[in-house]
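Fold and geometry: a report
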Amino acid sequence: MTDGAANTGAERHYRALEALYTSAPVNSLFASRLLIPDEGHARIAFDVTEEVYHAAGAAHGTIYFKMLDDAAFYAANTLATDRFLLTTSFNLHFTKPVRTGKVIAEGKWVSGRKRVFVAESRLVDEEGDEIGRGTGTFMRSRIALSSLPGYIGKG
């Protein structure tokens, strides 16, 4: 296989993962978009609005978890081209509240390539300030990516 062919296969996998993200019913609840630029990296842009506030008028922690977990998960799943990964643990740290605006979740694969993967992620607000950080552990499931209707473009 040539480098061009390998790059084409990797690109198809990344675009298929992006399509999988878009197809997940839960993501219809969030104004967000996944971009996978290369192996081991994922980036999710999303808008925080008042609809996701807790009672004190800032984004609820579920938003932090959702975007941190997704960014780390997809960064890790770039290395698993055959199986859907499952989150087995996730630790997160809140560093700053966010009220409204664009937020970017950046995920980065850290280690593991066979059964267990570790990835980290961070959230950055419009001012460039970090508002949250997390580390997740993910493992291969028995679910073939190719069996998932949302995973398109691979083959």
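So, a few notes on the structure that sits alongside this text. (Residues numbered from 1 in each chain as written. Predicted model: local features only at pLDDT ≥ 70, side-chain atom pairs only at ≥ 80, totals over all residues. Heavy atoms only, no water.)

Enumeration according to the criterion identifies 12 salt bridges in this entry. With a closest N to O distance of 3.4 Å, Glu 106 and Arg 43 form a salt bridge. A residue pair is termed long-range when its members are at least 10 positions apart, and Glu 106 in strand β4 (residues 101-111) and Arg 43 in strand β2 (residues 41-48) qualify at 63 residues. The partly exposed category is assigned to Arg 43, whose relative accessible area is 37%. (Salt bridge = Lys/Arg side-chain N within 4 Å of Asp/Glu carboxyl O. Helix = DSSP H or I, 4+ residues; strand = E, 2+ residues; numbered from the N terminus. Buried < 20%, exposed > 50% of the residue type's maximum accessible area, 1.4 Å probe, protein only.)

Moving on, we get to the sheet that holds β2. Spatial ordering of the open sheet is given by β1-β2-β4-β5-β6-β3, a layout of 6 strands whose pairing is antiparallel. The sheet is open, and its two borders are formed by β1 (32-35) and β3 (83-94), each paired with just one other strand. The mean angle between the axes of side-by-side strands here comes to 20°, regardless of whether they run parallel or antiparallel. Bridge count between β2 and β4: 8 bridges; the pairing is antiparallel. (Pairing = 2+ DSSP bridges. Axes fitted to C-alpha atoms, helices over the stretch in contact; angles between N-to-C directions.)

With that settled, the discussion passes to the pairing of β4. Bridge analysis of β4 against strand β5 (residues 116-124) gives 7 bridges, and the strand direction is antiparallel. The residue bridging Gly 107 from the neighbouring strand is Ser 121, located in β5. Hairpin connection, β4 to β5: the antiparallel pair is bridged by 4 residues, and Gly 112 has positive phi, about 90°.

So, about the packing of aromatic side chains. Under the criterion given, the structure shown has 6 aromatic pairs. Ring centres of Phe 65 and Phe 90 lie 5.6 Å apart, and the angle between their planes is 85°; this geometry places the pair in the edge-to-face category. Taken as a pair, Phe 65 in helix α2 (residues 61-77) and Phe 90 in strand β3 lie far apart in primary sequence, 25 residues in all. Residue classification places Phe 90 among the buried residues on the basis of a relative accessible area of 15%. By the ring-pair criterion, three or more aromatic residues cluster together here, those being Tyr 21, Phe 73, Tyr 74, Phe 84 and Phe 138. (Phe/Tyr/Trp six-rings, centres within 6.5 Å; stacked < 30°, edge-to-face > 60°.)

Attention shifts here to α2. Helix length check: α2, at 17 residues, gives a terminal C-alpha distance of 24 Å against a target of 24 Å (1.5 Å per residue), a fit within 8%. Counting buried residues along α2, 14 of its 17 residues qualify, which places the element largely inside the surrounding structure. (Expected span 1.5 Å × (residues − 1).)

This part covers the nonpolar core. Core analysis: the biggest nonpolar cluster contains 36 residues, and Ile 44, Phe 46, Tyr 74, Leu 123 and Phe 138 have the highest contact counts within it. Setting aside its immediate chain neighbours within four residues, Phe 46 contacts Ala 31, Ser 32, Ile 63, Met 67, Gly 101, Lys 102, Val 103, Ala 105 and Leu 123. (Core = buried A, V, L, I, M, F, W, Y, C linked by side-chain atoms within 4.5 Å. Contact = heavy atoms within 4.5 Å.)

Structurally, the position occupied by Arg 115 is in the loop between β4 and β5. Sequence separation between Arg 115 and Ala 80 is 35 residues; the distance between their C-alpha atoms is 9.2 Å. Setting aside chain neighbours within four positions, we find Arg 115 in contact with Phe 138, Met 139 and Arg 140.

Another point: the side chain of Asp 69. Within the secondary structure layout, Asp 69 lies in helix α2. Lacking a salt bridge, the buried Asp 69 has Lys 66 as its closest oppositely charged neighbour, with an N-O distance of 7.1 Å. For Asp 69, the side chain forms a polar contact with the side chain of Thr 87, separated by 2.9 Å. Apart from the residues lying within four places of it in its own chain, the contact partners of Asp 69 are Thr 87, Phe 90 and Phe 138. (Lys, Arg positive; Asp, Glu negative; His and termini not counted. Polar contact = N/O pair within 3.5 Å; in protein donor to acceptor, adjacent residues only side chain to side chain.)

Along the chain, Ala 75 turns up in helix α2. Exposure remark for Ala 75: the relative accessible area of 0% places this residue in the buried category. Distance in space between the C-alpha atoms of Ala 75 and Glu 106 is 8.7 Å, their sequence separation being 31 residues. For Ala 75, the residues in contact, after removing those within four places along its chain, are Gly 40, His 41, Ala 42, Gly 107, Lys 108 and Trp 109.

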